[in-house]
Amino acid sequence: MANTLTFTRGGIDHPEIHHPNEIAQNQAYTGTRDSGATVWMHNNFLIDRSGKLSKSTGGALLLEDLLGRGYHPAAFRLMCLQAHYRSPLEFSFPNLDAALARLKRLVKTIEGLREAAQATTPSTPTARENDLLKQFTLEIADDLMTPRAIPVLQQALEDKRISAPARLRIVRKMDEALGLHLGELSRKDLRVRPAYAGLTKSDVEAGVEARRKARAEKNFAEADRIRADLENSGVVLMDGDPLIWEWRIEPPQ
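Presented here is an overview of the structure given in this document.

Rules used in this analysis
Residues numbered from 1 in each chain as written. Predicted model: local features only at pLDDT ≥ 70, side-chain atom pairs only at ≥ 80, totals over all residues. Heavy atoms only, no water. Core = buried A, V, L, I, M, F, W, Y, C linked by side-chain atoms within 4.5 Å. Buried < 20%, exposed > 50% of the residue type's maximum accessible area, 1.4 Å probe, protein only. Helix = DSSP H or I, 4+ residues; strand = E, 2+ residues; numbered from the N terminus. Contact = heavy atoms within 4.5 Å. Expected span 1.5 Å × (residues − 1). Polar contact = N/O pair within 3.5 Å; in protein donor to acceptor, adjacent residues only side chain to side chain. Pairing = 2+ DSSP bridges. Right-handed = clockwise from strand over helix to strand, strands pointing away. Salt bridge = Lys/Arg side-chain N within 4 Å of Asp/Glu carboxyl O. Arc of directions from axis to C-beta. Phe/Tyr/Trp six-rings, centres within 6.5 Å; stacked < 30°, edge-to-face > 60°. Lys NZ or Arg CZ within 6 Å of the ring centre and 35° of its normal.

Some thoughts on the nonpolar core
And then number 1: In this structure, L96, L103, M174 and L182 are the most contacted members of the largest nonpolar core, which totals 43 residues.
And then number 2: Of all the secondary structure elements, the ones that give two or more residues to this core are α3 (73-81), α4 (93-117), α5 (127-141), α6 (146-158) and α7 (164-178).
And then number 3: It is α4 that contributes the most residues to this core, ten residues altogether.
And then number 4: With residues near it in sequence (within four places) discarded, L96 still touches L66, Y71, A75, F76, M79 and F91.
And then number 5: Of all hydrophobic cores here, the second largest spans ten residues; its members include V204, I226, V235 and L237.

As structure tokens, this is what we get:
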């Protein structure tokens, strides 16, 4: 075990108490002086405006709570990655909203690249592609500096000098470190039904279709009525966008 690279992780409050306990348990189990890990990582506190988020303060939020509000888990992950793990991370719903908006832009760009890649012949890696991957690797190797690594990924996505298949290839490699599953996510996946919503996805799609028919028949009063009903039920309609609609994160007032 001593010759194997092993990790243990925890919060910044773990080293003084938790880790000595972990070491003692490992030494007792193996009958050696081995600490059980060669790399010890500690993230700083996740805090909100009123203090640390923890069970002891009664301010703990669960992932299920965020899902119930309509947030995809990847949005929370991206929010965390935008701060260095050694720094305190301030949680707020505006910060989570911003991360979700950023994630949607990333996924929308990748969806466009997927379509473009179907009509493009795959190419071998170019010097530009290798340079971006090297820069990304350097940022990750610098104590997991994800706040500087994510902009490199965005830079790669937006670099039109690189073919669509190559940009997708870059994203897949970079996402191995970020774990956002960008290669599989779609904008529809990010459309999480909040707990407050009184409609099902089928209800919404039926309403959208009824509105489409009303508009085609130039019955604009009916189309406006359907739109208002959907919006009052927590649905945001997006005319001209292929996604067509999405759930509103916060319930209508």
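Some thoughts on α6
And then number 1: Under the 1.5 Å per step criterion, the end-to-end length of α6 is 19 Å for 13 residues, consistent within 8% with the ideal 18 Å.
And then number 2: Of all the residues in α6, the buried ones are T146, A149, I150, V152, L153, Q154, A156 and L157.
And then number 3: Of the surrounding secondary structure, the elements contacted by the buried residues of α6 are α3, α4, α5 and α7.

Details of the environment of S35
And then number 1: Relative to the helices and strands, S35 is located in the loop between α1 (18-30) and β2 (39-43).
And then number 2: Taking relative accessible area as the criterion, S35 reaches 24% and is therefore assigned partly exposed.
And then number 3: Taking the C-alpha atoms as reference points, S35 and E205, 170 residues apart in sequence, are found 57 Å from one another.
And then number 4: A polar atom in the side chain of S35 sits 2.8 Å from the backbone oxygen of A37.

Some thoughts on the pairing of strand β1 (residues 7-11)
Successive residues of a regular strand alternate their side chains across the two faces of the sheet.
And then number 1: By the bridge criterion, five bridges tie β1 to β2 in an arrangement that is parallel. Of the residues in β2, the one forming a bridge with G11 is N43.
And then number 2: Crossover handedness for the path β1 to α1 to β2: right-handed.

Section: unusual backbone geometry
And then number 1: At D143, a position not held by glycine, the phi torsion is positive, near 55 degrees.
And then number 2: One can find D143 in the loop between α5 and α6.
And then number 3: According to the relative accessible area criterion, D143 is partly exposed, its value standing at 28%.

A short note on the pattern of salt bridges
And then number 1: Tallying each qualifying case throughout the model produces 16 salt bridges.
And then number 2: Here R69 ties to E250 by a salt bridge, and the two come within 3.6 Å at their closest N and O atoms. Of the two residues, R69 is situated in the loop between α2 (63-68) and α3 and E250 in the segment after β7 (245-247); the sequence distance between them amounts to 181 residues.
And then number 3: Taking relative accessible area as the criterion, E250 reaches 36% and is therefore assigned partly exposed.
And then number 4: For R187, the salt bridge identified is with D241, shortest N-O distance 3.0 Å.

Considerations on helix α9 (residues 220-232)
And then number 1: Taking 1.5 Å of rise per residue, 13 residues should cover 18 Å, and α9 covers 18 Å from first to last C-alpha, within 8% of that figure.
And then number 2: Turning to α9, its buried residues are A223, I226 and L230. Mapping the buried residues of α9 onto a view down its axis gives an arc of 65 degrees, with all of them on the same face. In this structure, α9 carries A221 and N232 as exposed residues pointing more than 90 degrees from its buried face.
And then number 3: Against α8 (201-216) and β6 (235-237) lie the buried residues of α9.
And then number 4: At the C-terminal side of α9, G234 shows a positive phi close to 95 degrees.

Concerning the packing of aromatic side chains
And then number 1: If you walk through the whole model with that rule in mind, you get three aromatic pairs.
And then number 2: Here the aromatic residues Y71, F91 and F93 are joined through ring pairs into a cluster of three or more.
And then number 3: Geometry around W245 places R191 over its ring, the cationic atom sitting 3.8 Å from the centre.

Focus: the side chain of S186
And then number 1: As for its position among the elements, S186 is in the loop between α7 and α8.
And then number 2: The exposure class of S186 is buried, given its relative accessible area of 18%.
And then number 3: Leaving out residues up to four positions away in the same chain, S186 has contacts with V107 and E111.

Structural notes on the side chain of H72
And then number 1: Structurally, the position occupied by H72 is in the loop between α2 and α3.
And then number 2: Residue H72 is classed as buried on the basis of its relative accessible area of 16%.
And then number 3: Those residues in contact with H72 that sit more than four places away from it in its chain are L185, D189, L190 and V192.

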